[in-house]
Amino acid sequence: MAKPDKRIYLSPPHLGVDERHYLEEALQSNYIAPLGPQVDAFENEFAETVGVRYAAALSSGTAAVHLALRIAGVTTGDEVISQTLTFVGGVNPIKYLGASPVFIDSERSSWNMDPDLLADYLMSSSKTGRLPKAVISTDIYGQCADLDRILGICDQYEVPVISDSAEALGALYKGRHAGVGAKASVYSFNGNKILTTSGGGMLVSDDKELIDKARFLSQQARDPALYYEHSEVGFNYRMSNVLAAIGRGQLKVLNDRVSRKREIFEEYRAALSGMPGVEFMPEASYGTSTRWLTVLLIEEDKFGAGPLEIVEKLEQSNIEARPVWKPMHLQPLYKENHIVGGRVSEDLFNRGICLPSGTAMTSVDIKRVIDAIIKMHKDNING
Ligand SMILES: *Cc1c(COP(=O)(O)O)cnc(C)c1O
């Protein structure tokens, strides 16, 4: 059967009006290079928006996690704590450095790292004298982790916290922007994120030395000399001037994008929250989620279909939906690694589904998704 309607994507790019203007500036100036005035401006504007002192624009969020861990001194044989319910890009850099991740389960209220489990683990690892080298706290699906609690716990053991806020740019935690307060924080401008440069990332910190070091490492770690002199291994991780121009335009529409994401969530909630077996991702009391993706939990016996079936059926209507992140401790790549708890993230994975949440979606598009879900329920319950 032919696919009937235009495709509705999960979270496609959504351009504002100023990107063209900054791009034109970049083209006119011939700065079609890595680095340049657009990168400097993007870093400054980004730091100001988020409320931190320094920012380094990089080629991806994954690169930003890698540099943050490397600067924290993570090396072969070390342990790094990570949330199990996350995207692999925030975890693989631990492996790049020869270290191993220890995974912590989520709490129900935010779906992010459970601070009690973190406290237990740090307490027991301090007794054996083998503390992790760093903790990566993740802000999943646009919702901030309970960062002050996590920082308080980690401070007791002097373990640095890196915030992976790749999915939460624009979210607030006790009035601060996502990630603010951590030793360093990471954001992503991949094509599916709330703002995009087609691909890119940002590492921020209030520590000037840390960001200087990130810039140095991201440009092949070239020592200050006229000739090419290198005393440590660097990377080619800098953002290009052309992409930074797009980022500057995107930054201007951040507030609009957050409002629209939240409206989309409310439209879904108004139409679907009364259905049997349907529950929406909670919003933790300490903050404001961007609702980067609208996420639901489905109880198969009550609703009549499970998340995988719903994803498949929506696909037949040319609608892109996705299951919730598969926890890292269930991945073939990481199944040998230590997991603390695990039941909560497993449950969220088994029941969770992410609905199309692109900010350019119209109410007609949203209704198409809603109608398809309601029809599925009726067909399955009656049939
Ligand atoms: C997207 C994402 C990343 C990686 O960012 P890229 O820019 O795609 O490399 C890291 N962590 C999380 C939680 C993400 O969602």
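Definitions and cut-offs
- Residues numbered from 1 in each chain as written.
- Predicted model: local features only at pLDDT ≥ 70, side-chain atom pairs only at ≥ 80, totals over all residues.
- Heavy atoms only, no water.
- Helix = DSSP H or I, 4+ residues; strand = E, 2+ residues; numbered from the N terminus.
- Buried < 20%, exposed > 50% of the residue type's maximum accessible area, 1.4 Å probe, protein only.
- Contact = heavy atoms within 4.5 Å.
- Expected span 1.5 Å × (residues − 1).
- Arc of directions from axis to C-beta.
- Near = heavy atom within 4 Å.
- Polar contact = N/O pair within 3.5 Å; in protein donor to acceptor, adjacent residues only side chain to side chain.
- Areas by Shrake-Rupley, 256 points an atom, 1.4 Å probe, with all protein chains shown as cover.
- Nonpolar A, V, L, I, M, F, W, Y, C, P; charged D, E, K, R; others polar.
- Phe/Tyr/Trp six-rings, centres within 6.5 Å; stacked < 30°, edge-to-face > 60°.
- Lys NZ or Arg CZ within 6 Å of the ring centre and 35° of its normal.
- Core = buried A, V, L, I, M, F, W, Y, C linked by side-chain atoms within 4.5 Å.
- Domains from an automatic or database assignment.
- Pairing = 2+ DSSP bridges.

Mind showing me how you'd approach the overall build of the protein chain here?
Counting secondary structure elements, the protein chain contains 13 helices and 15 strands. Its C-alpha atoms put the protein chain at 75 × 60 × 40 Å along the principal axes. Across the 383 residues that make up the protein chain, the buried fraction comes to 55%. For the protein chain, the share of sequence-separated contacts (at least 6 apart) that also reach a separation of at least 24 residues comes to 72%.

Explanation requested: helix α9 (residues 254–272) in the structure shown.
Three or four residues apart is the spacing at which side chains of an α-helix point the same way, because the helix has 3.6 residues per turn. Helix length check: α9, at 19 residues, gives a terminal C-alpha distance of 27 Å against a target of 27 Å (1.5 Å per residue), a fit within 8%. Where α9 is concerned, the buried positions are L254, R257, V258, R260, K261, I264, F265, Y268 and L272. The buried residues of α9 occupy an angular sector of 165 degrees when projected down its axis, which confines them to one face. Turned more than 90 degrees from where α9 packs its buried face, N255 and A270 sit exposed.

Which parts of the structure should I look at to understand the site of the ligand?
The ligand sits among 15 residues. The nearest are T62, D164, E167, S188 and K193. At 2.5 Å, a side-chain N or O of T62 approaches an oxygen atom of the ligand. At a separation of 2.6 Å, an oxygen atom of the ligand approaches a polar side-chain atom of E167. For the ligand, whose unbound accessible area comes to 380 Å², protein coverage reaches 94%. Here the residues of the shell around the ligand sort into two nonpolar, ten polar and three charged.

How do you make sense of the packing of aromatic side chains when you look at a structure like this?
The geometry of an aromatic ring pair is captured by the separation of the ring centres together with the interplanar angle, meaning the angle of the planes. If you walk through the whole model with that rule in mind, you get eleven aromatic pairs. Relative to Y334, the ring of F103 lies with its centre 5.5 Å away and its plane at 75 degrees, an arrangement referred to as edge-to-face. A residue pair is termed long-range when its members are at least 10 positions apart, and F103 in strand β3 (residues 100–104) and Y334 in the loop between β13 (322–323) and β14 (339–340) qualify at 231 residues. Each member of the pair, F103 together with Y334, is buried. Of the aromatic side chains, those joined through ring pairs into one cluster are F42, F46, Y187 and F189. The ring of Y228 is capped by R222, whose NZ or CZ atom sits 3.8 Å from the centre of that ring. A cation over an aromatic ring shows up here: R291 above the ring of F265, its NZ or CZ 3.6 Å from the ring centre.

I'm lost on the nonpolar core in this one. Help?
As a rule of thumb, nonpolar side chains are buried together in soluble globular proteins. Formed by 35 residues in total, the largest nonpolar core has its most connected members in F46, W111, Y141, L169 and M202. Among the secondary structure elements, those contributing two or more residues to this core are α2 (37–50), β1 (54–58), β9 (201–205), α8 (241–252), α9, β12 (294–298) and α12 (343–351). Take this core: its biggest share by element is five residues, from α2. Two domains share this core, each providing at least three of its residues, namely domain 1 (19–251) and domain 2 (254–382).

Just to check I follow, could you spell out the sheet that holds strand β6 (residues 172–173) for this structure?
As summarised here, the arrangement of the three strands in space is β7-β6-β11, forming an open sheet in which the pairing is antiparallel. Each having just a single partner strand, β7 (176–177) and β11 (287–288) make up the two edges of the open sheet. With two bridges connecting them, β6 and β7 associate as antiparallel partners. Residue pairing in the sheet places Y173 in a bridge with R176 of β7.

Would you mind going over the pairing of strand β2 (residues 79–83) with me for this structure?
Two faces, one strand: in a regular strand the side chains alternate between the faces of the sheet. Across the five residues that make up β2, a large majority, five, are buried. Burial along β2 is two-sided: the residues E79, I81 and Q83 and V80 and S82 are all buried. Two strands pair when backbone bridges link them, and β2 and β3 are joined in this way by five bridges, in the parallel orientation. In the strand pairing of β3, Q83 is matched with I104. Summarising the sheet, β2 and strand β4 (residues 134–138) pair through two bridges and their orientation is parallel. Looking at the pairing, V80 lines up with A134 of β4.

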